[in-house]
Amino acid sequence: MAQVKDYIRTIPNFPHDGIMFRDVTTLFLDPRGFRMAIDQMLAPYAGQRFDKVAGLEARGFILGGAIAHQLSVGFVPIRKQGKLPGKTISQSYTLEYGEATMELHDDSLQPGEKVLLVDDLLATGGTAEAGIKLIEKLGAEVIGCSFIIDLPALGGRKKLETLGMDVKVLCEFEGD
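Report on the accompanying structure. (Residues numbered from 1 in each chain as written. Predicted model: local features only at pLDDT ≥ 70, side-chain atom pairs only at ≥ 80, totals over all residues. Heavy atoms only, no water.)

Digging into unusual backbone geometry
Next, step 1: Phe14 connects to Pro15 through a cis peptide bond whose omega is 0°.
Next, step 2: Mapped onto the elements of the fold, Pro15 is located in the loop between strand 1 (9-12) and strand 2 (20-23).
Next, step 3: Notably, Asn13 is not glycine yet its phi reads approximately 60°, a positive angle.
Next, step 4: Take Asn13: it is sitting in the loop between strand 1 and strand 2.
Next, step 5: Judged by its relative accessible area of 44%, Asn13 is partly exposed.
Next, step 6: Of note, Ser72 is a non-glycine position whose phi angle comes to about 60°, a positive value.
Next, step 7: Assignment of secondary structure puts Ser72 in the loop between helix 3 (59-71) and strand 4 (74-80). (Helix = DSSP H or I, 4+ residues; strand = E, 2+ residues; numbered from the N terminus. Buried < 20%, exposed > 50% of the residue type's maximum accessible area, 1.4 Å probe, protein only.)

Laid out in structure tokens, this is it:
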């Protein structure tokens, strides 16, 4: 029986030499694989109530939209700086070389709302941590963080768990 990991293509040396890029677009292309991923991302949270699903740019939008639809709740995009049209709040985070900033509309969440944060890949955890901080700045609570892929060698899961997050992943790949 096929597993989610079977639908993920690896592209060597992208975007830089030495990187093994884990491409989930092949998973999204396959209706069975995509359905399997969405169902498995939701399964650990069966019976829990969420008010919103937040997705991290960009593949987290695809997953988050599908999951929000399944839960019949709203979807909140967390985007790179300068991409959202309304009034935003921002959170910077450290990259391997430099900094980046994520933004969230300042009216997208209400205090006390319960949020599921989703993305395709958990690497160093910097983007996810920035998303969590943005959600919390608006007074909402992250109930869980769900990813398709974890790259354990890069330490993102440990970083998020240190923040008290419940982290779920569907599969792992060694290396970076």
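This is not the end of the story, as more comes after the structure.
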